[in-house]
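Understanding the architecture of this molecule
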Number of protein chains: 2
Amino acid sequence: MRGRLAVVGLGPGDVRWLTPEAEAAVAGADALFGYGPYLDRAPVREGQSRHPSDNRQEGQRACAALERAAAGKNVALVCGGDPGVFAMAATVCEQIDSGPAVWRALDVEIVPGITAMLAVAARVGAPLGHDFCALSLSDNLKPWSVIERRLDAAAQAGFVIALYNPISKARQWQLAAAFDRLRHYLPATTPIVFGRAVGRADEKIAVMTLQAADPSGADMASLVIVGTAETRLVSRPGQAPLVYTPRSATA
Amino acid sequence: MRGRLAVVGLGPGDVRWLTPEAEAAVAGADALFGYGPYLDRAPVREGQSRHPSDNRQEGQRACAALERAAAGKNVALVCGGDPGVFAMAATVCEQIDSGPAVWRALDVEIVPGITAMLAVAARVGAPLGHDFCALSLSDNLKPWSVIERRLDAAAQAGFVIALYNPISKARQWQLAAAFDRLRHYLPATTPIVFGRAVGRADEKIAVMTLQAADPSGADMASLVIVGTAETRLVSRPGQAPLVYTPRSATA
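Remember, predicted model here, so these are calculated numbers, not experimental data.

Section: the overall build of chain A
A tally of helices and strands in chain A yields 7 helices and 13 strands. Here chain A has a C-alpha radius of gyration of 20 Å; the compact-globule value for 251 residues is 18 Å, and the two agree. Across its three principal axes, chain A shows a C-alpha extent of roughly 60 × 40 × 35 Å.

Given below as structure tokens:
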């Protein structure tokens, strides 16, 4: 039998965001691989082996899943959000690119999911309403100078910016540095959306201005959206304000 | 009864990408609004009114849905893809911002969906694997000079670029102009992914180089992903190549 590897996006925490395609891919697999907390979201099925791994072992996790698929199994490698956005799809492709020839013969499928920036944006309105970018603040895989260049370019050109991996135990100063940098280009009143654990029981959404943005409001489970000069707030009686970026731009 | 408006993302064409939350929002509504072809994807339910509209009447469509919600109804306004990405969520917020005070008291919910770039990326591997941006090539709502500035900034800073609305009946030259512009910054061999009608029966995915990219391969149902100098192809025996952008960057 020809081995198969599905790299499956579970979406953010809420099971109502799990697509039928992703659910079927997980249910039909002989073996499940993934970061422990994501794997815990898949229901246990008899006869299905489960291989949780640590958050940082991405290359090893991809190789282990590919090896199992190459043994003729139907394997699912699960990710939170979308597998193609700062997650395992690129890692799997990279391992296939540099791995044994037999991995190129596998049936590989990427199953898309709702990525965090879409879920956080939906909670507050439409902050990604016009052109936007997604930027990882992690300097584990690229130099900080590249991140600085991309922050400058995005802010100067008027992109809304979704910041993935804003902070971690080992990376404490990057988000503050990013805000400082963005203050050179964006008005002090630019709305910033902090979305933490979106779709989970401990979800927390906060909206502040760039001037007042406090990096300590973010953690490893957070996504931060930085608006543009055109992003607006609509205050509402008894409800949180809507945050949106109009689709039109004038200059 | 307090009126309610859900702006619902149906995802791209494939029903296996429709989330349970979106399905429930559509099923539970008293009235459905939306562009005709999207509305046709919602199953007919007795007692539910349906209000299809033309593609271009976005402001009117948002107002009609808000008026119905303000009359105390449970209304769903459906969009393809994600409502927050070049779709109706920003339009609805804009109408609330400038509309009657009663609209600010409505219960407004945005229901996220899989947006086209995630689905197209998944079909070929992981082309959005590192930092990326989403840019609409439509100059209906912003001047072409803004689009040029954003193309320049994104390409120079090394973002993968997902081009929404690359072409339409009334906008025939923009995609060719964008490719010409990007050729100043990106290698001739940069991979370009054309995704047409992803998830539908007439889906068509094509991968070419920037040098050979033919704008006539795109139409109104297309999304185009432009890689970076780091985007790679992995050739595979008997299968289409994988396209991916490594998560790491060196400069």
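Re the interface of chain A and chain B
Between chain A and chain B, the contact holds 58 residues from the first and 58 residues from the second. Among the elements that make up the side of chain A that touches chain B, the one with the highest residue count is helix H4 (residues 88-98) of chain A (7 residues). Summarising the sheet, strand S7 (residues 132-136) of chain A and strand S7 (residues 132-136) of chain B pair through 3 bridges and their orientation is antiparallel. If you follow Cys133(A) over to S7(B), its bridge partner there is Cys133(B).

So, the nonpolar core
Counting residues in hydrophobic clusters, the biggest one holds 174 residues, and the most contacted among them are Val7(A), Val8(A), Leu77(A), Val7(B), Val8(B) and Leu77(B). Setting aside its immediate chain neighbours within four residues, Leu77(B) contacts Leu5(B), Val7(B), Val8(B), Phe33(B), Gly34(B), Ala65(B), Met88(B) and Val92(B).

So, the pairing of strand S12 (residues 232-236) of chain B
For a regular strand, side-chain orientation follows a simple rule: the groups alternate between the two sheet faces. Residue and element names in this part refer to chain B. The sheet contact formed by S12 and strand S13 (residues 239-244) spans 4 bridges and is antiparallel. By the bridge assignment for S13, Arg 232 is matched with Tyr 244. Between S12 and S13, which pair antiparallel and follow one another directly, the connecting turn spans 2 residues, one of which, Gly 238, has a positive phi of 75 degrees.

Side note on the packing of helix H6 (residues 144-157) of chain B against helix H7 (residues 174-182) of chain B
Residue and element names in this part refer to chain B. At a minimum axis separation of 10 Å, H6 and H7 run at an interaxial angle of 40 degrees. As the angle between them shows, H6 and H7 are arranged oblique. The crossing of H6 and H7 is right-handed. Contact with H6, carried on its side by Glu 148, Leu 151, Asp 152 and Ala 155, involves Ala 178, Arg 181 and Leu 182 of H7 and no other residues of that element. For the contact of H6 with H7, the per-class residue count stands at 4 nonpolar, no polar and 3 charged.

Here we look at the sheet that holds strand S3 (residues 49-53) of chain B
Residues and elements named next belong to chain B. One open sheet accounts for 5 strands, arranged S3-S2-S4-S1-S5; its pairing is parallel. Each of the sheet's edge strands pairs with one partner strand only, and the pair in question is S3 and strand S5 (107-111). Across the sheet, the axes of successive neighbouring strands diverge by a mean angle of 15 degrees, strand direction being ignored.

Considering the relation of the copies chain A and chain B
Once chain A is rotated about the relating axis by 180 degrees and shifted along it by 0.0 Å, it coincides with chain B to within an RMSD of 0.0 Å. Taken together, the rotation and translation describe the operation of a two-fold axis. When C-alpha positions in chain A are compared against the rotation axis, the closest is assigned to Cys133(A), at 1.9 Å. A share of 100% of the interface residues of chain A reappears at the interface of chain B, consistent with the copies meeting face to face through the same patch.

Some details on the packing of helix H6 (residues 144-157) of chain A against H6(B)
Relative to each other, H6(A) and H6(B) sit at 175 degrees, their axes nearing to 9 Å. In this view, H6(A) runs roughly antiparallel relative to H6(B), as classed from their interaxial angle. Packed against H6(A), whose contacting residues are Arg149(A), Arg150(A), Ala153(A), Gln156(A) and Ala157(A), the element H6(B) presents Arg149(B), Arg150(B), Ala153(B), Gln156(B) and Ala157(B) at the interface. Class assignment for the residues of the contact of H6(A) with H6(B) results in 4 nonpolar, 2 polar and 4 charged.

So, unusual backbone geometry
Residues and elements named next belong to chain B. Positive phi, close to 50 degrees, is recorded for Asn 165, a residue that is not glycine. Residue placement: Asn 165 occurs in the loop between strand S8 (160-164) and H7. A positive phi angle, near 55 degrees, is found at Ala 197, a position not held by glycine. Looking at where Ala 197 falls in the secondary structure, it is placed in the loop between strand S9 (191-196) and strand S10 (204-209).

Details of the environment of Val120(B)
Residue and element names in this part refer to chain B. Inspection of the secondary structure assignment puts Val 120 in helix H5 (residues 116-124). Judged by the 27 C-beta atoms lying within 10 Å of it, Val 120 is buried. Counting along the chain gives 43 residues from Val 120 to Leu 163, while the straight-line C-alpha distance between them is 11 Å.

So, helix H1 (residues 20-27) of chain A
All names here are of chain A. By the burial criterion, the buried members of H1 are Glu 21, Ala 22, Ala 25 and Val 26. Around the axis of H1, the buried residues are gathered within 130 degrees of arc, so they sit on the same side. For H1, the secondary structure elements touched by its buried residues are strand S1 (4-9), strand S2 (31-35), strand S4 (74-79) and strand S5 (107-111).

Regarding the sheet that holds S13(B)
Residues and elements named next belong to chain B. Spatially, 3 strands are ordered S6-S13-S12 in an open sheet, and the strand pairing comes out mixed. On the outer flanks of this sheet lie strand S6 (125-126) and S12, each paired with one strand and no other. For S6 and S13, the ladder comprises 2 bridges, and the chain directions are parallel. Residue pairing for S13: Gly 125 is matched across the bridge by Val 243.

Focus on the domain arrangement of chain A
All names here are of chain A. Taken domain by domain, chain A consists of domain 1 (4-111) and domain 2 (116-244). Taking only C-alpha atoms, the centre of domain 1 and the centre of domain 2 are 28 Å apart. In this assembly, 7 residues from domain 1 lie in contact with 10 residues from domain 2.

Some words on the confidence of the model for chain A
Scored by pLDDT, chain A has a mean of 95; 99% of the residues are at 70 or more. As scored by the predictor, the complex reaches a pTM of 0.97 and an ipTM of 0.97.

Quick word on the environment of Trp144(B)
All names here are of chain B. Structurally, Trp 144 is set in helix H6. The class for Trp 144 is partly exposed, based on 15 C-beta atoms found within 10 Å. In the structure, Trp 144 is positioned 23 residues away from Ile 167 in sequence and 13 Å away in space, judged by C-alpha atoms.

Definitions and limits used
Residues numbered from 1 in each chain as written. Chains lettered and ligands numbered in written order. Predicted model: local features only at pLDDT ≥ 70, side-chain atom pairs only at ≥ 80, totals over all residues. Helix = DSSP H or I, 4+ residues; strand = E, 2+ residues; numbered from the N terminus. Rg over C-alpha atoms; globule rule 2.2 N^0.38 Å. Contact = placed C-beta atoms within 7 Å. Pairing = 2+ DSSP bridges. Core = buried A, V, L, I, M, F, W, Y, C linked by C-beta atoms within 7 Å. Buried ≥ 20, exposed ≤ 12 C-beta atoms within 10 Å, placed from the backbone. Axes fitted to C-alpha atoms, helices over the stretch in contact; angles between N-to-C directions. Parallel < 35°, antiparallel > 145°, perpendicular 65-115°, else oblique. Left-handed = near helix turned anticlockwise from the far one by under 90°. Nonpolar A, V, L, I, M, F, W, Y, C, P; charged D, E, K, R; others polar. Least-squares fit on C-alpha atoms with pLDDT ≥ 70 in both. Arc of directions from axis to C-beta. Domains from an automatic or database assignment. pLDDT = per-residue confidence, 0-100.

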